[in-house]
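Notes for the structure review
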Amino acid sequence: MKSAVFMGKHRMEIQERPMPEVKSNEVLLKVIGCGVCGTDAHIYEGEIKDAVPPVVIGHEIFGEVQDLGQEATGVEVGDRVVLDPFVFCNHCDFCKVGEFRFCLNERFIGYHRTGGFTQYTTVPFTNLYRVPKTMTLKQGILCEPLSTVIAAYSRLQPEAGKSFLILGEGALGLIWNQVIRNSLAVTVIQTGIIPERLTKVEKLGADRIVNPLEENLEKAVYDLCPHGVDYIVDCTGSTKAITAALPLIKRGGTFLSFGVCPEHERLSLSLYWLYRKQIKIMSSRRPPKEFQRSVDFMVKGFIDADLIVTGVFPLNEIEQAFERFSTDRATQIKMAIDPWL
Ligand SMILES: [Zn+2]
Ligand SMILES: [Zn+2]
């Protein structure tokens, strides 16, 4: 079988590898598609220490069950499935009290373990979720990023009838748009700096779309929401974008940090302002047990996958896909690898 193997910074190698052996708690998957995530791009840039080469990366996996280990239950050969990439130990102090998202021994499928940029892969059966046969490759690979949004939304617990400012128009910003507009938000304002992507936000719909490089965000927000917005959801990971937007939050409002900021960046914040306005600041790193809802949401047709997934590449063009991920941001939003092309 063919696999794309991460060999170190800016080096992916297509290798012929033997079929993996299926352990008793595992399932053999034929990979139908695997999404290219920002995390994969960071691994390709050599920025993630946990990804030790040689390793097959990719965690947004959509596949078909080919074989089952002895203990594997809940799925059958021929089932189509998506994968929750987090593996929890079940025995650390946090897992013991059900706080799996704080697991001290967390493993990640896609760098600690073999991932999805390959034709076949083995995964723990506990991490699989069955999907209908009608699910398309583009829908399948978006279930994992969608689950991170559903998880954050569940933590945010927004009230009905509120106003939102979504920062960013990447794949996750576009998913957030669809999740929020399917809730009972009364006002949705979304920002972005890439015109081609902003036309996608326009297609999905928002009360106001703002390119802060071209117009005044503050004026745009206060025109619609004179006291500011109830919720700001950051999908940029840009401290600059957050710094500009944060003052636009309403008294008592909530800021959700969702996009991943570079580790060494700092946000300068007046605690007096925080005190006066009684702002809540939250973060969300994907907790488990949100995956089924993500699948249900996708099956229901709430997410326009064709609008978000802009390119499907064969395995042997994976390096080009990674290059385009950072250089071709106008036309490429979410990319997927189809290892059978
Ligand atoms: Zn991802
Ligand atoms: Zn644990």
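Keep in mind it's a predicted model, so treat the numbers as computed, not measured.

1. Here we look at the domain arrangement of the chain
Taken domain by domain, the chain comprises domain 1 (2-131 + 304-338) and domain 2 (148-283). Relative to domain 2, the C-alpha centre of domain 1 lies at a distance of 29 Å. Taken together, the contacts link 8 residues of domain 1 with 11 residues of domain 2. Looking at side-chain class alone, the side of domain 1 that touches domain 2 contains 4 nonpolar, 1 polar and 3 charged residues.

2. Section: the packing of helix α4 (residues 171-181) against helix α5 (residues 195-204)
With their axes 10 Å apart at the nearest point, α4 and α5 run at an angle of 15° to one another. As judged from the angle between their axes, α4 and α5 are roughly parallel. Between α4 and α5 lies a crossing of right-handed hand. Contacts between α4 and α5 pair L174, N177 and Q178 from the former with K200, V201 and L204 from the latter.

3. Re the pairing of strand β4 (residues 60-68)
Here strand β3 (residues 26-36) runs beside β4; their pairing, made up of 8 bridges, is antiparallel. Residue K30 lies in a different strand from β4, and its bridge partner there is E64. In this structure, β4 lies alongside strand β5 (residues 80-83), joined through 3 bridges in antiparallel fashion. Note that in β5 the partner of F62 across the bridge is V82.

4. Thoughts on the nonpolar core
Residues I232 and V233 are the most contacted members of the largest nonpolar core, which totals 93 residues. The element that contributes the greatest number of residues to this core is helix α3 (residues 137-156), accounting for 9 residues. Looking at which domains feed residues into this core, each of domain 1 (2-131 + 304-338) and domain 2 (148-283) gives three or more. In this structure V233 touches F164, I166, L167, W176, L256 and F258, once residues within four positions along its chain are discounted.

5. Let's talk about the sheet that holds strand β14 (residues 249-257)
Spatially, 6 strands are ordered β12-β11-β10-β13-β14-β15 in an open sheet, and the strand pairing comes out parallel. The open sheet has two edge strands, β12 (208-210) and β15 (280-283), and neither has a second partner. Looking at each pair of strands side by side, their axes are set apart by 15° on average, direction ignored. Examined bridge by bridge, strand β10 (residues 163-167) and strand β13 (residues 229-234) share 4 bridges and lie parallel to one another. Within the sheet, the bridge partner assigned to I166 lies in β13 and is V233. In this fold α3 packs onto β13, β14 and β15, with an angle of close to 150° to the strand it touches most, β14.

6. Side note on the pairing of strand β2 (residues 11-16)
Across 6 bridges, the pairing between strand β1 (residues 2-8) and β2 is antiparallel. From the neighbouring strand, S3 faces β2, where its bridge partner is Q15. Linkage of β1 to β2, two consecutive antiparallel strands, is achieved through a turn of 2 residues, within which H10 is found at a positive phi near 60°.

7. Side note on the packing of α3 against α4
It is the contact of α3 with α4, at a shortest axis distance of 10 Å, that shows an interaxial angle of 55°. One way to sum up the angle between α3 and α4 is to call them oblique. The hand of the α3/α4 crossing is right-handed. Two secondary-structure elements touch here, α3 through P145, L146, V149 and Y153 and α4 through A171, L172, I175, W176 and V179. Looking at the contact of α3 with α4, its residues break down into 9 nonpolar, no polar and no charged.

Calculation criteria
- Residues numbered from 1 in each chain as written.
- Chains lettered and ligands numbered in written order.
- Predicted model: local features only at pLDDT ≥ 70, side-chain atom pairs only at ≥ 80, totals over all residues.
- Domains from an automatic or database assignment.
- Contact = placed C-beta atoms within 7 Å.
- Nonpolar A, V, L, I, M, F, W, Y, C, P; charged D, E, K, R; others polar.
- Axes fitted to C-alpha atoms, helices over the stretch in contact; angles between N-to-C directions.
- Helix = DSSP H or I, 4+ residues; strand = E, 2+ residues; numbered from the N terminus.
- Parallel < 35°, antiparallel > 145°, perpendicular 65-115°, else oblique.
- Left-handed = near helix turned anticlockwise from the far one by under 90°.
- Pairing = 2+ DSSP bridges.
- Core = buried A, V, L, I, M, F, W, Y, C linked by C-beta atoms within 7 Å.
- Buried ≥ 20, exposed ≤ 12 C-beta atoms within 10 Å, placed from the backbone.

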